Amino acid sequence: AAAEEPASARVAAAAPPEPAAAPPREAAARSFAGRVIDASSRPVSGVRVGVTRTPAVDPDAPELDPVATSDAGGRFVLEDRPGVENGRLWVDDERWATLLLGRPRADREALVIVAPRVELAGVVVDEAGLPLAGATVQVALPEDLRADFDAILDDMTTVRLAVESDEQGRFALPFVPGLEGSRVRVGLTGYESLDRELPPATDTALVLALTRPPLTGDLLEGVVVDALGSPVAGARVACGLDTRTSDEQGRFRFDLGSEEAYNVMARRWMDFVPSELLAVRPGYLPARYAPPVDDDGRPVWPDRVVLRLGTEALTIEGRVLDPDGRPVEGLSVWVGDPTFFGALGDPAAGERPSMTHLEHEIAGLAPGWQAETTDAEGRFVLAGLLDRAYSVEVMDPDTLLRVVVPDVRAGRGNVEVVLPADAVFPVLRGRIVDRRGEGLAGVHVFAMCDAFRTRFQGQVIGTHHGAAESVVTDEEGAFELRDVPRDLAYLRIDGPDTIPLEWGRGVEGGLETMLEREPDDLEIAVGRRCHFQVELVDAAEADEIAVLDAEGNELPISEFHGNGRRDGPRHRLSDGRSGALAVSDAAATVVLFRGGEEVRRAPVELRPGEKPVLRP
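Residues numbered from 1 in each chain as written. Predicted model: local features only at pLDDT ≥ 70, side-chain atom pairs only at ≥ 80, totals over all residues. Heavy atoms only, no water.

1. What to know about the overall build of the protein chain
Okay, so step 1: The secondary structure content of the protein chain amounts to three helices and 47 strands.
Okay, so step 2: Against the globule reference of 25 Å for 616 residues, the protein chain gives a C-alpha radius of gyration of 28 Å, in line with a compact fold.
Okay, so step 3: Seen through its principal axes, the protein chain has C-alpha atoms that stretch 90 × 70 × 60 Å.
Okay, so step 4: Taking all 616 residues of the protein chain together, 45% fall into the buried category.
Okay, so step 5: In the form shown here, the protein chain has an accessible surface area of approximately 31100 Å², with 46% of it arising from carbon and sulfur atoms. (Helix = DSSP H or I, 4+ residues; strand = E, 2+ residues; numbered from the N terminus. Rg over C-alpha atoms; globule rule 2.2 N^0.38 Å. Buried < 20%, exposed > 50% of the residue type's maximum accessible area, 1.4 Å probe, protein only. Areas by Shrake-Rupley, 256 points an atom, 1.4 Å probe, with all protein chains shown as cover.)

Rendered as C-alpha cells:
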C-alpha cells in the first residue's frame, strides 16, 4: 500500500496591501450536477440524494453535506464541500434503493441509478432448523446490468449488498434494489451454498436453510500436532489453494471431490492437481507432507496424515543507510519471494480467495503485501521466516525508490542496505497528448511500481502496487513530477476519457531506458477512451472478440467498474452479447472467435463519448 507524498510547506513574505486596493475576489464555489434515473433510464423525482464514502448502503452509512432532492426531471445540484468529490452518490428514500452509485463530477452530469426498494430479513438455519451464525447473505444483481443502459457508466460503482448472520442466525438487508433477475445467495463453510431468486416484494420473515454437502468418499483427513506430539487447535492447513482450520483436537478434513473449492476454480485456468499438505501456526515453522504418486504422477493420499509443526521461526535483522552512511527512518522493508500457502475464504459463500503466504501466517500478518518500517536508527526485523534465503526489498514510500537485495539467508542479524546515489530523476517534465498530438488536460500522472507479486504454480496471480502522489495535466497536457525513480518504476497515466497507460512497466532498466528525450521534454501519447457493446445476430457464431488497430495489433479491451477495471486482449461473449466495453480510438477492426479459432472480421469506427451497439 503506497503512502502519499506529504505536501511541502511554503513560507512567503506578504507585502502590505496598498491603500486603495480592491479586496481579492473569492474563487467561485463549485457545484456538482446529477440526475437520478431508474433501471429503465426514466427520471425519478423527489428523491433525496446524499454522499457516502462507502459502497455499502445502509441507514447508518456515513453521509457528507450537502444533500439535494431531485426535481421533476430527476436532476439535482450538490454544493461543494471538502471530501464530496471523493465520495459516492446514493439515495436515502423509503421508496427507492441505489443500484449504481455515481461519482460527483465538476465537469459533467453524474448519474445515480435506483430501483424500487425491497427490505429483506430473516434467519439462516441448518437441516434441523437450528440457527447458523456467520453465514454470508448477499444479493447479487444481474451480471448484464450495465449493458442495459445507453449511458457510459465507467465511474459508477455497484452497491455492495451483503451481511453475516448473527449468533441467532438472523440477518437484515433493509435497502435492496428490487430488480428482476437478482439473486439471493447464502454461503457458510461446511454447507452447500443456497441460490434463489430475489423475492418480488419486501419479506422480513425469510427462512434460508443450508444443508451439508454429501461426502464423495474422496476424503483427506488428518491431525496437526506440535513438536512434542500434542494436538494443535486453530492451525491452518492448506491442500493446494483450499484451506481449513484444525478443530479442538487438531483434526482437519478435505473433501477432494467437492465442486465448491478454490482448487476446482484454479483448474479452469491451469493444469493443477494438489500434491502437498501444509500446516502453519503463528510463531512456529510449518509442517509439510507430500504423498507418493502413481504411474501417472497423481498423488496417492493415505487414510490419515499427521502434520508435525517445527520449532521457532527465523528472522532477518538489519538497517538501511543513505548514500552518506546515515540511518534512514520510515522506509518499507519486506521479503519479495515468500512461500505460497493457500487461499483464505469460503468458496461456497462466493467469497473471493484471499491469497496468503507461509511467512505471513507464521508472523501473524494479514494476507497480501506486508512490510515492516525502519525505525529512527534505520533498523528493521523481518519475522516468521523459513530456513532459506530470501530477497529483501527496501522502498521509500514517498518516491518509490526501491532496492532489492537477493539471497539473504534467514537467521542473519547484520544485513546492511545502502540506498544508491543519483537513483531518481530530480524533475520529470512532459506532455500527455492524444494520437493526433493534442494536449490532454485533467489527466493524472504519477509514478507507480509492482512492489509485490503473489505466485502460484509459477504463475503471477496477484500484484500489489506502490504509488506516489499524482499530478494533473494542465490545459496544454503538461505535467511535472519530482524525485521519480530511474529504475523499478513506471508512469501511470489515467484520465476519465483516456485508456489507462502504464508507461515503462515491465521494461528492463525502467524509466531511464524509456527516455528518448531529456527528462524535462517527454511527450507521451495515450488513446482516447471509446465505448461499445457487441450483440451478434447469430449468438452461436462467436464466443470471444478482439479489437485490432490499423496495423493489426490487438488492443487492450477494458471493462470499467467504478474504481476498478478488467482488461485483456480478448473479451468473452455471453450468448453473443458483451457488456459495456472500452478501447482506444485506434480501433479499426473487430475480430470474432469461436473455440479459439477466428470466425471473421468486421471494420469498426468508434468515437469518444458514444456507446454504439455493434452487430458485426
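Further notes follow.
2. Focus: the confidence of the model for the protein chain
Okay, so step 1: For the protein chain, the average pLDDT comes to 88, and 92% of its residues sit at 70 or higher.
Okay, so step 2: This model gives residues 1-28 a pLDDT under 50, and the stretch forms twelve contacts once residues within four places in sequence are excluded. (pLDDT = per-residue confidence, 0-100. Contact = heavy atoms within 4.5 Å.)

3. Observations regarding the pairing of strand 15 (residues 219-225)
Okay, so step 1: Where burial is concerned, most of strand 15 is hidden: five out of the seven residues are buried.
Okay, so step 2: Strand direction decides the pairing type here: strand 15 and strand 18 (residues 251-255), joined by five bridges, are antiparallel. Looking across to strand 18, one finds that Gly-222 is bridged to Phe-252.
Okay, so step 3: In this structure, strand 15 lies alongside strand 21 (residues 304-308), joined through five bridges in parallel fashion. The residue of strand 21 that forms the bridge with Val-225 is Arg-308. (Pairing = 2+ DSSP bridges.)

4. Here we look at the nonpolar core
Okay, so step 1: Counting 34 residues, the largest nonpolar core has Ile-113, Leu-120, Val-124, Val-137 and Val-186 as its most contacted members.
Okay, so step 2: Taken together, the elements giving at least two residues each to this core come down to strand 6 (96-101), strand 7 (110-125), strand 8 (136-140), strand 11 (170-177), strand 12 (183-187) and strand 14 (203-209).
Okay, so step 3: With six residues, the top contributor of residues to this core is strand 7.
Okay, so step 4: Those residues in contact with Val-124 that sit more than four places away from it in its chain are Leu-130, Pro-131, Leu-132, Ala-135, Val-137, Ser-165, Gly-169, Phe-171, Val-186, Leu-208 and Leu-210. (Core = buried A, V, L, I, M, F, W, Y, C linked by side-chain atoms within 4.5 Å.)

5. Considerations on the packing of aromatic side chains
Okay, so step 1: This model, assessed by the stated rule, comprises five aromatic pairs.
Okay, so step 2: Measuring from ring centre to ring centre gives 5.2 Å for Trp-334 and Trp-369, while their planes differ by 70°; the resulting arrangement is edge-to-face. Here Trp-334, found in strand 23 (residues 332-335), pairs with Trp-369, found in the loop between helix 2 (358-363) and strand 26 (372-373); they are 35 residues apart in sequence, far enough to count as distant.
Okay, so step 3: Here Trp-334 falls in the buried class, since its relative accessible area comes to 1%. (Phe/Tyr/Trp six-rings, centres within 6.5 Å; stacked < 30°, edge-to-face > 60°.)

6. Quick notes on the sheet that holds strand 35 (residues 478-485)
Okay, so step 1: With respect to topology, three strands assemble into an open sheet ordered 35-31-38, the strand pairing being mixed. Strands with a single pairing partner mark the edges of an open sheet, and in this sheet they are strand 35 and strand 38 (522-525). Averaged over all neighbouring strand pairs, the angle between strand axes comes to 40°, with direction disregarded. (Axes fitted to C-alpha atoms, helices over the stretch in contact; angles between N-to-C directions.)

7. Brief notes about the pattern of salt bridges
Okay, so step 1: Taken as a whole, this structure holds 48 salt bridges when the rule is applied.
Okay, so step 2: With a closest N to O distance of 3.4 Å, Arg-577 and Asp-144 form a salt bridge. With Arg-577 in the loop between strand 43 (570-572) and strand 44 (581-584) and Asp-144 in the loop between strand 8 and strand 9 (157-158), this pair connects stretches of sequence that are 433 residues apart.
Okay, so step 3: Residue Asp-322 is joined to Arg-326 by a salt bridge in which the shortest nitrogen-to-oxygen separation is 3.0 Å.
Okay, so step 4: For Asp-322, a relative accessible area of 12% puts it in the buried group.
Okay, so step 5: By sharing partners, the salt bridges in this structure join Asp-450, Arg-453, Arg-492, Asp-494, Glu-502 and Arg-505 into a single network. (Salt bridge = Lys/Arg side-chain N within 4 Å of Asp/Glu carboxyl O.)

8. A short note on the environment of Arg-529
Okay, so step 1: As for its placement among the helices and strands, Arg-529 is situated in strand 39 (residues 529-534).
Okay, so step 2: Separated by 53 residues in sequence, Arg-529 and Ala-582 place their C-alpha atoms 6.2 Å apart.
Okay, so step 3: Non-local contacts of Arg-529, meaning those with residues more than four positions away in its chain, are made with Asp-154, Asp-494, Gly-495, Pro-496, Asp-497, Thr-498, Ile-499, Phe-560, Ala-582, Val-583, Pro-608 and Gly-609.
Okay, so step 4: Of note is the side chain of Arg-529, whose polar atom sits 3.5 Å from the backbone oxygen of Pro-496. (Polar contact = N/O pair within 3.5 Å; in protein donor to acceptor, adjacent residues only side chain to side chain.)

9. Some thoughts on unusual backbone geometry
Okay, so step 1: Positive phi values are uncommon outside glycine, yet Gln-457 reaches one of about 55°.
Okay, so step 2: Its place among the elements puts Gln-457 in the loop between strand 32 (444-456) and strand 33 (459-467).
Okay, so step 3: Looking at Gln-457, the relative accessible area reads 51%, which means it is exposed.
Okay, so step 4: Notably, Leu-488 is not glycine yet its phi reads approximately 60°, a positive angle.

10. Some remarks on the pairing of strand 13 (residues 194-197)
Okay, so step 1: Sheet analysis places strand 12 next to strand 13, joined by four bridges and oriented antiparallel. Bridge pairing links Val-184 to Arg-196 in strand 13.
Okay, so step 2: Hairpin connection from strand 12 to strand 13: six residues lie between these consecutive antiparallel strands, with Gly-190 at a positive phi of about 95°.

11. With respect to the sheet that holds strand 18
Sheet strands line up and pair through hydrogen bonds in the backbone, either parallel or antiparallel.
Okay, so step 1: With respect to topology, three strands assemble into an open sheet ordered 18-15-21, the strand pairing being mixed. This sheet does not close on itself; its edge strands, each paired only once, are strand 18 and strand 21. Taken over all neighbouring pairs, the strand axes of this sheet differ in orientation by 25° on average, direction set aside.

12. Brief notes about the side chain of Arg-105
Okay, so step 1: Mapped onto the elements of the fold, Arg-105 is located in the loop between strand 6 and strand 7.
Okay, so step 2: A polar side-chain atom of Arg-105 sits 3.2 Å from a polar atom in the side chain of Asp-155.
Okay, so step 3: Excluding anything up to four places from it in sequence, Arg-105 contacts Phe-32, Asp-155 and Pro-496.

13. Observations concerning the environment of Glu-598
Okay, so step 1: Looking at where Glu-598 falls in the secondary structure, it is placed in strand 46 (residues 597-603).
Okay, so step 2: The exposure class assigned to Glu-598 is partly exposed, which follows from its relative accessible area of 41%.
Okay, so step 3: Taking the C-alpha atoms as reference, Glu-598 lies 49 Å from Ile-362; in sequence the two are 236 residues apart.
Okay, so step 4: When near neighbours in sequence (up to four residues on either side) are disregarded, Glu-598 contacts Val-591, Leu-592 and Phe-593.
Okay, so step 5: Here the side chain of Glu-598 touches Arg-601 through a polar contact of 2.9 Å, side chain to side chain.

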